[in-house]
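Next come the chains, spelled out residue by residue.
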Number of protein chains: 2
Amino acid sequence: MRFVVASDHAGKKVKDKFLRVLEDLGVEFEDLSPKNSSGDDYPDFAGLVARKVGEDFGFLACGTGIGISIAANRHKNVRAALAYNSDDARMSRAHNNANVLVLSGSKEFSEEDIKGIVVEFLETKFEGGRHKRRVDKLS
Amino acid sequence: MRFVVASDHAGKKVKDKFLRVLEDLGVEFEDLSPKNSSGDDYPDFAGLVARKVGEDFGFLACGTGIGISIAANRHKNVRAALAYNSDDARMSRAHNNANVLVLSGSKEFSEEDIKGIVVEFLETKFEGGRHKRRVDKLS
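A brief report on the enclosed structure follows. Computed from a prediction, not measured in an experiment: that's the story for all the values here.

**Thoughts on the pairing of strand β1 (residues 3-7) of chain A**
Residue and element names in this part refer to chain A.
Right, on to step 1. The buried count for β1 comes to 5 of 5 residues, which makes it a mostly enclosed element.
Right, on to step 2. Burial along β1 is two-sided: the residues F3, V5 and S7 and V4 and A6 are all buried.
Right, on to step 3. Judged from the 3 bridges that link them, β1 and strand β2 (residues 29-31) form a sheet pairing that is parallel. What sits directly across from F3, in β2, is F29.
Right, on to step 4. Where the polypeptide runs from β1 across helix α1 (residues 12-25) and back to β2, its parallel neighbour, the crossover connection is right-handed.

Right, here's the structure in full:
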């Protein structure tokens, strides 16, 4: 599984940490963030990632993670999970079949924290069953 | 401002704390959660709240807050903020014009934590300007 990645200016720092973690783990990614960081609107970046999510997972970040989560979840093919720890990441895969991971740029995540989150997101399978009935109601 | 409120079984405990905080603050609410807590699907509860959000704020909770946030943000009139602290609540109002507050049922929020979150959510005004341009792109 590869990640397609974007962040606005306020999410850049956590996105850069996330990319270093992917490199450590040997996970491929494509960074869609514009090089020019001024005047960037988080709904545009959510849209860039939403167009590629399906075969790939997505990753998004903004200041709180909230704006870019709202924007991402406007897209019916996206189930974007704003995760604060590895338990959130695991549950979002197991119960919500999340396909986009979102982190807040304003929380102080270490690379070790992020590694724990990413590993759970990548390794946890969707449980299906009653959770499938609920996920089906999202689309 | 009044709150329309719902949670699934896994969000019930934090919802009950949230309602006690509203009572303390003298804030009105309507609890739309079904009495029968078995077999409840979070997308249904997000839909119940989404239909009433506009004049009222909304409040939602599920196990992580992630599933019900995805479901709520499928509705174009909703901007649902999964908040972990009062800074998130403040920023979600100031920058995202959030109209639904979401809490995770699996985090250990005290009533004092929740009071801080609610007060920021109620008292912070949307800043408009460049944030309005971004919020307009969500609908």
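Resuming the write-up.
**Some thoughts on the packing of α1 of chain A against helix α5 (residues 111-123) of chain A**
Residues and elements named next belong to chain A.
Right, on to step 1. Between α1 and α5, the shortest axis-to-axis distance is 9 Å and the interhelical angle comes to 65°. As for the relative orientation of α1 and α5, their crossing is right-handed in sense. Between α1, through K17, F18, R20, V21 and L25, and α5, the contact on the second element is made entirely by E111, I114, K115 and V118.
Right, on to step 2. The residue inventory of the contact of α1 with α5, partitioned by class, reads 5 nonpolar, no polar and 4 charged.

**Considering the sheet that holds strand β3 (residues 57-62) of chain A**
Residues and elements named next belong to chain A.
Right, on to step 1. Sheet architecture is open: 5 strands sit in the order β2-β1-β3-β5-β4, paired in parallel fashion. Because the sheet does not close on itself, it has two edges, and the strands there are β2 and β4 (80-82). Pairs of neighbouring strands in the sheet enclose a mean axial angle of 20°, with direction left out of account.

**Description of unusual backbone geometry**
Right, on to step 1. Even without being a glycine, N97 of chain A presents a positive backbone phi close to 50°.
Right, on to step 2. Mapped onto the elements, N97 of chain A comes out in the loop between α4 (86-94) and β5 (100-104).

**Thoughts on the interface of chain B and chain A**
Many structure descriptions define interface size as the accessible area lost when the parts assemble.
Right, on to step 1. Each side of the interface is counted separately: chain B has 27 residues, and chain A has 27 residues.
Right, on to step 2. Every element with two or more residues in the side of chain B that touches chain A is listed here: α2 (42-50), α3 (66-73), β4 (80-82), α4 (86-94) and α6 (130-136) of chain B.
Right, on to step 3. Per element, the largest residue contribution to the side of chain B that touches chain A is 6 residues, and it comes from α3 of chain B.
Right, on to step 4. Class assignment for the residues of the side of chain B that touches chain A results in 12 nonpolar, 8 polar and 7 charged.

**Things to note about the nonpolar core**
Right, on to step 1. Ranked by size, the top nonpolar core spans 84 residues in total, and within it L60, V100 and V102 of chain A together with L60, V100 and V102 of chain B carry the most contacts.
Right, on to step 2. Ignoring any residue separated from it by four or fewer positions in sequence, one finds L60 of chain A in contact with A6, S7, F45, A46, V49, I68, A72, A80, V100 and V102 of chain A.

About the criteria used
Residues numbered from 1 in each chain as written. Chains lettered and ligands numbered in written order. Predicted model: local features only at pLDDT ≥ 70, side-chain atom pairs only at ≥ 80, totals over all residues. Buried ≥ 20, exposed ≤ 12 C-beta atoms within 10 Å, placed from the backbone. Helix = DSSP H or I, 4+ residues; strand = E, 2+ residues; numbered from the N terminus. Pairing = 2+ DSSP bridges. Right-handed = clockwise from strand over helix to strand, strands pointing away. Axes fitted to C-alpha atoms, helices over the stretch in contact; angles between N-to-C directions. Left-handed = near helix turned anticlockwise from the far one by under 90°. Contact = placed C-beta atoms within 7 Å. Nonpolar A, V, L, I, M, F, W, Y, C, P; charged D, E, K, R; others polar. Core = buried A, V, L, I, M, F, W, Y, C linked by C-beta atoms within 7 Å.

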